[in-house]
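# Analysis of the macromolecular model
As a plain string of letters, each chain reads:
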Amino acid sequence: MNKSENFVITINREIGSGGRTVGSKLAAKLGVPFYDKALVEALMEQYHLSADEIEELKGRKQDWWTEFKHILGIASAKSNSIIDEPDLYNSADIFKAEQKILLNIAAKGSCVIAGRSGFFVFQDYPNHLNVMITAPMEHRIQRLMSKQDINEEAAKDIIRRVDTMRENYIQKYTGTTRYDLRNYDLAVSMQGKTEDEVADLIFQYIGSR
């Protein structure tokens with residue numbers, strides 16, 4: 001990756017690993033924007049969904065439209081609202097919209113993007129770096145307990161649920177798994193490291209290339 005030209009760095013991470021914080025710190029070191037929640041907000045605006053609903057629906061294997069109606073309790077609703085046009089609002093549409101948003105963000109200038117399907121969207125991008133951040137389960141549990149003020153069982157439940165949703169989504173729409181290290185240029189474990197140390201490590205890796 002050439003820092004003197006327009007570049008994109010994608011950070012894929014396991015929930016509770018601290019990967020989002022690493023991405024933010026890396027972006028600050030590089031002096032470029034960091035994107036994460038902004039992506040969800042753009043989808044939320046386009047599909048009139050909450051961020052939680054988007055995250056929940058994206059990873060499910062069944063039809064997005066059927067699940068959406070089920071959640072809202074309007075399976076037999078009759079109205080002129082957007083919910084009467086299921087062909088326009090399905091998981092494939094959200095994935096395509098997500099790709100467009102990512103590419104539009106990258107077109108605006110160099111950036112760091114956390115999560116989503118970035119590693120797949122930018123696989124043929126001329127100047128990119130795909131990074132995977134992992135962490136031991138105990139690290140993830142303890143971090144979630146601290147960050148969200150929850151007990152161990154609740155943290156484990158969140159990890160199981162989010163891991164499943166994210167993996168289902170990636171497998172369904174990219175034909176690969178986010179755990180396949182061939183999708184990344186660099187994979188880093190948070191074990192025994194702080195977010196600052198990992199951000200420094202990635203920064204040094206970029207400088208050495």
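## Looking at the pairing of strand β3 (residues 111-114)
Here β3 shows a buried face lined by Cys111 and Ile113 and a second buried face lined by Val112 and Ala114. Sheet analysis places strand β1 (residues 8-13) next to β3, joined by four bridges and oriented parallel. Looking at β3, one finds that isoleucine 9 is bridged to valine 112. As defined by bridge partners, strand β2 (residues 34-35) adjoins β3 across two bridges and the pair is classed as parallel.

## A look at helix α1 (residues 19-30)
One full turn of an α-helix is made of 3.6 residues, so residues set three or four places apart face in the same direction. The end-to-end C-alpha distance of α1, which contains 12 residues, comes to 16 Å, matching closely the 16 Å that a straight helix rising 1.5 Å per residue would cover. Three or more residues of α1 are buried, namely Gly19, Val22, Gly23, Leu26, Ala27 and Leu30. All buried residues of α1 project into a common sector of 135° when viewed along the axis, lining one side. The first or second residue beyond α1 is glycine 31, which carries a positive phi of 70°.

## Here's the deal with the pattern of salt bridges
On inspection of all chains with the given rule, the structure shows 12 salt bridges. When the shortest N-O distance is used, the salt bridge between arginine 140 and aspartate 163 registers 2.8 Å. In this pair, arginine 140 is assigned in helix α7 (residues 137-148) and aspartate 163 in helix α8 (residues 152-174), connecting sequence segments 23 residues apart. Residue arginine 140 is classed as buried on the basis of its relative accessible area, which comes to 2%. Between glutamate 153 and arginine 160 there is a salt bridge; the shortest N-O distance is 3.4 Å. Here the salt bridges share partners, and the residues they tie into one network are Glu14, Arg140, Asp163, Glu167 and Arg178.

## Regarding the confidence of the model for the protein chain
Residues with a pLDDT of 70 or more make up 77% of the protein chain, whose mean pLDDT is 82. When the elements of the protein chain are averaged for pLDDT, helix α4 (residues 64-72) gives the smallest value, 52, and strand β5 (residues 186-189) the largest, 97. Contacts from residues 74-89, a stretch scored under 50 in pLDDT, to residues over four places away or in other chains number 22 contacts.

## A few points about the pairing of β5
Burial along β5 is one-sided: Leu186 and Val188 are buried, and none of Ala187 and Ser189, which face the opposite way, are. By the bridge criterion, four bridges tie strand β4 (residues 128-134) to β5 in an arrangement that is parallel. Paired with threonine 134 across the strands is serine 189, a residue of β5.

## Concerning the packing of α7 against α8
Taken N-terminus to C-terminus, the directions of α7 and α8 make an angle of 110°; their axes are 9 Å apart at the nearest point. In terms of orientation, α7 lies roughly perpendicular with respect to α8. By crossing handedness, the relation of α7 to α8 is classed as right-handed. Together, Met137, Arg140, Ile141, Leu144, Met145 and Gln148 of α7 and Glu152, Ala155, Lys156, Ile158, Ile159 and Asp163 of α8 make up the contact between the two elements.

## Considerations on the packing of aromatic side chains
Evaluation of the coordinates by the stated rule reveals three aromatic pairs. A ring pair is formed by phenylalanine 119 and tyrosine 184, whose centres lie 5.5 Å apart and whose planes are at 50°; its orientation type is tilted. Of the two residues, phenylalanine 119 is situated in helix α6 (residues 118-121) and tyrosine 184 in the loop between α8 and β5; the sequence distance between them amounts to 65 residues. The exposure class assigned to tyrosine 184 is buried, which follows from its relative accessible area of 8%. Over the ring of phenylalanine 203 we find lysine 29; its NZ or CZ atom is 5.8 Å from the centre of that ring.

## Some points on the side chain of asparagine 183
One can find asparagine 183 in the loop between α8 and β5. Overall, asparagine 183 belongs to the buried group, its relative accessible area being 18%. With residues near it in sequence (within four places) discarded, asparagine 183 still touches Phe119, Asn130, Thr176 and Thr177.

Thresholds applied
- Residues numbered from 1 in each chain as written.
- Predicted model: local features only at pLDDT ≥ 70, side-chain atom pairs only at ≥ 80, totals over all residues.
- Heavy atoms only, no water.
- Buried < 20%, exposed > 50% of the residue type's maximum accessible area, 1.4 Å probe, protein only.
- Helix = DSSP H or I, 4+ residues; strand = E, 2+ residues; numbered from the N terminus.
- Pairing = 2+ DSSP bridges.
- Expected span 1.5 Å × (residues − 1).
- Arc of directions from axis to C-beta.
- Salt bridge = Lys/Arg side-chain N within 4 Å of Asp/Glu carboxyl O.
- pLDDT = per-residue confidence, 0-100.
- Contact = heavy atoms within 4.5 Å.
- Axes fitted to C-alpha atoms, helices over the stretch in contact; angles between N-to-C directions.
- Parallel < 35°, antiparallel > 145°, perpendicular 65-115°, else oblique.
- Left-handed = near helix turned anticlockwise from the far one by under 90°.
- Phe/Tyr/Trp six-rings, centres within 6.5 Å; stacked < 30°, edge-to-face > 60°.
- Lys NZ or Arg CZ within 6 Å of the ring centre and 35° of its normal.

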